[in-house]
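# Survey of secondary and tertiary structure
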Amino acid sequence: MDSLDRYSRQVIFPGIGKEGQEKLARSTVVVIGCGALGTVAATALARAGVGTLRIIDRDFIEYHNLQRQILFDEEDVRLQIPKAIAAERHLKAANSAIEVEGIVADVNYRNVERLVEGADVIVDGLDNLETRYLINDVSLKHGLPWIYGAAVSSSGMMMAVIPGRTPCIRCLFPSLPPVGQNGTCDTAGVVNAAPMAIGALQGAEAIKVLLGIETAGLISIDVWSGQFSRLNVDLQPSLDCPACHGRYEFLDARFGVRTTSLCGQNAVQVLGSGDATLSFDEVARSLRSIGQVDYNEFMLRFVVDGREMIIFPDGRAIVKGTADESAARSLYAKYVGM
Ligand SMILES: [Zn+2]
């Protein structure tokens, strides 16, 4: 396959050119979170010929994801494939000339530095601000650019954070908002054009960062009203931002929780205690007398008393049908017990 022909339409674009194309082929991008934003950005980057893509996501695919998560299809839902694995398969089918690695994991302060190792840019496809702050910390600590993106309802925002050059996300939003204050896909809904537009802009911004081109600043859009703006932000890092001054409070686990309510799902994620590797054969044996169990190599589904739990090999679980974190934690303790 002739790679010059494959990429010819962007090679003739003066901003990229042959040299830029070769640079993309030598680049590594880590996409964290493969929902609506992540599927769009990863698709753009894979098709543009970024040499190595690492896609990290903790979740599996459900029917209500298909409305906006463009990499996935009904077969993925039926086969119960985690998003990271399905993304890897579909992206490899779109471009076999690049390396794509899907990793099923929850990104947290214990593993984030290992997961972003070797990256030239991180793309944020997350659905929660807490993990974004963690990405922000890791970015500033290692001088690694990342592309912030968020979308809910009909609007969204996007900005490239270049350590030492631009403000970071904590310069803009100094602390976590109280629980329930921010709208989520759960409460506010989402028009698919919003994350699709933001994800596409994140893809373009990642390419510009890889090629050393000046970034666009903070872009804010509303796809329903048709308002698009570049917001005026202070171009320097903030003087009283902890993260810009070497205090990585999220990476140092000064903040952080072991249970998380999941956006758009009426479900709670519970983290295991460490780097466990579960044997699904053994877990299934012990749970089979209590409830209904089925599993594949990626995840184990357990249904008991009308509750459903998805358990991953690293000991992480998603408890469905509740947003109550303490109820989910006790269910986890009862049946997984770590
Ligand atoms: Zn900052």
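Further up the page is the structure itself.
Cut-off values and rules
Numbering of residues starts from 1 in every chain and runs along the sequence as written. Under the rules for a predicted model, residues below a pLDDT of 70 receive no local features and side-chain atom pairs below 80 are neither given nor counted, while totals for whole chains, interfaces and linings still include all residues. Only hydrogens and water are set aside; all other atoms, that is, all heavy atoms of the structure, feed into the side-chain values. By this definition, two strands are paired if DSSP reports at least two bridges between them. Elements are defined by DSSP. Helices are runs of H or I of four residues or more, strands are runs of E of two residues or more, and each kind is numbered from the N terminus. Axis angles are defined between N-to-C directions and span 0 to 180 degrees, where every axis is a line fitted to C-alpha atoms and, for a helix, only to the segment in contact. Contacts: residue pairs with any heavy atoms within 4.5 Å of one another. Residues adjacent in sequence count toward polar contacts only when both atoms are side-chain atoms; beyond that, a polar contact is any pair of N or O atoms within 3.5 Å, and within protein one must be able to donate a hydrogen and the other to accept it. Only nitrogen, oxygen and sulfur atoms within 2.8 Å of the metal, or 3.2 Å for Na, K and Ca, are treated as donors, and water is left out, so sites may look incomplete. Any site counts as irregular unless it has four donors with all angles between 85 and 135 degrees, making it tetrahedral, or four or six donors with opposite ones more than 155 degrees apart and the rest between 65 and 115, making it square planar or octahedral. Note on exposure labels: buried denotes an accessible area under 20% of the residue type's maximum, exposed denotes more than 50%, and partly exposed covers the range between, all computed with a 1.4 Å probe on protein chains only. Whether two aromatic rings pair depends on their centres lying within 6.5 Å, for rings of Phe, Tyr and Trp, where Trp uses its six-membered ring; planes under 30 degrees apart make the pair stacked, over 60 edge-to-face, and the rest tilted. Two conditions define a charge sitting above a ring: the NZ of Lys or the CZ of Arg must be within 6 Å of the ring centre, and it must be within 35 degrees of the ring normal.

## Some points on the sheet that holds strand β12 (residues 300-304)
As summarised here, the arrangement of the 6 strands in space is β9-β10-β14-β13-β12-β11, forming an open sheet in which the pairing is antiparallel. Across the chains shown, the open sheet's two edge strands, defined by having one partner strand only, are β9 (259-262) and β11 (292-295). Across this sheet, the average inter-strand angle for adjacent strands is 20 degrees, counted without regard to direction. Summarising the sheet, β9 and strand β10 (residues 267-270) pair through 4 bridges and their orientation is antiparallel. When the sheet's bridge partners are listed, L262 is paired in β10 with A267. Contacting β9, β10, β12, β13 (307-311) and β14 (317-320), helix α13 (residues 325-335) runs over the sheet at an angle of about 50 degrees to β10.

## A word on the side chain of T322
On the secondary structure map, T322 appears in the loop between β14 and α13. Reaching out from T322, the side chain makes a polar contact with the backbone nitrogen of D324 at a distance of 2.9 Å. Other than its neighbours up to four places away in sequence, T322 contacts N266, A267, V268 and R307.

## Here's the deal with the sheet that holds strand β7 (residues 218-222)
Across the sheet, 8 strands lie side by side as β3-β2-β1-β4-β5-β6-β7-β8; this open sheet has mixed pairing. Strand pairing shows two members of the sheet lacking a second neighbour, β3 (99-104) and β8 (227-231), which therefore form its edges. Pairwise comparison of adjacent strand axes, ignoring direction, gives a mean angle of 15 degrees for this sheet. As paired elements, strand β2 (residues 52-57) and β3 share 6 bridges and run parallel to each other. By the bridge assignment, L53 is partnered in β3 with V100.

## A few points about the coordination of the zinc ion
Around the zinc ion, the protein supplies C168 (SG), C171 (SG), C241 (SG) and C244 (SG) as donor atoms, at distances of 2.3 Å. One way to put it: the 4 donor atoms around the zinc ion meet at angles of 102 to 116 degrees, and that makes the site tetrahedral. Between consecutive donors of the zinc ion, the numbers of intervening residues give the motif C-x2-C-x69-C-x2-C. Of this pair, C171 sits in helix α9 (residues 169-172) while C241 sits in the loop between β8 and β9; the two residues are 70 residues apart in sequence, bridging distant segments of the chain. Take C171 and C241: they sit in the same class, and that class is buried.

## Notes on the packing of aromatic side chains
As enumerated under the stated definition, the model contains 5 aromatic pairs in all. Ring plane angle 40 degrees and centroid distance 4.8 Å describe the contact between Y133 and F250, whose orientation is recorded as tilted. Taken as a pair, Y133 in helix α8 (residues 129-142) and F250 in the loop between β8 and β9 lie far apart in primary sequence, 117 residues in all. No difference in accessibility class separates Y133 from F250, as the two residues are buried. An aromatic cluster of three or more residues is present, and its members are W146, Y148 and F173. Over the ring of Y133 we find R170, and its NZ or CZ is 5.6 Å from the ring centre. Directly above the ring of F312 sits R316, whose terminal nitrogen or CZ lies 4.1 Å from the centroid.

## Observations regarding the environment of D106
Here D106 shows up in the loop between β3 and α7 (112-115). Overall, the relative accessible area of 7% leaves D106 in the buried class. D106 sits 49 residues away from D57 along the chain, and the two C-alpha atoms are 6.6 Å apart. Sequence-distant contacts of D106, defined by excluding residues within four places in its chain, comprise R58, N111, Q269, L271 and R316.

## A word on the environment of V270
The topology assignment puts V270 in strand β10. Note on V270: relative accessible area 3%, which makes it buried. For the pair formed by V270 and E325, sequence separation is 55 residues and the distance between their alpha carbons is 8.3 Å.

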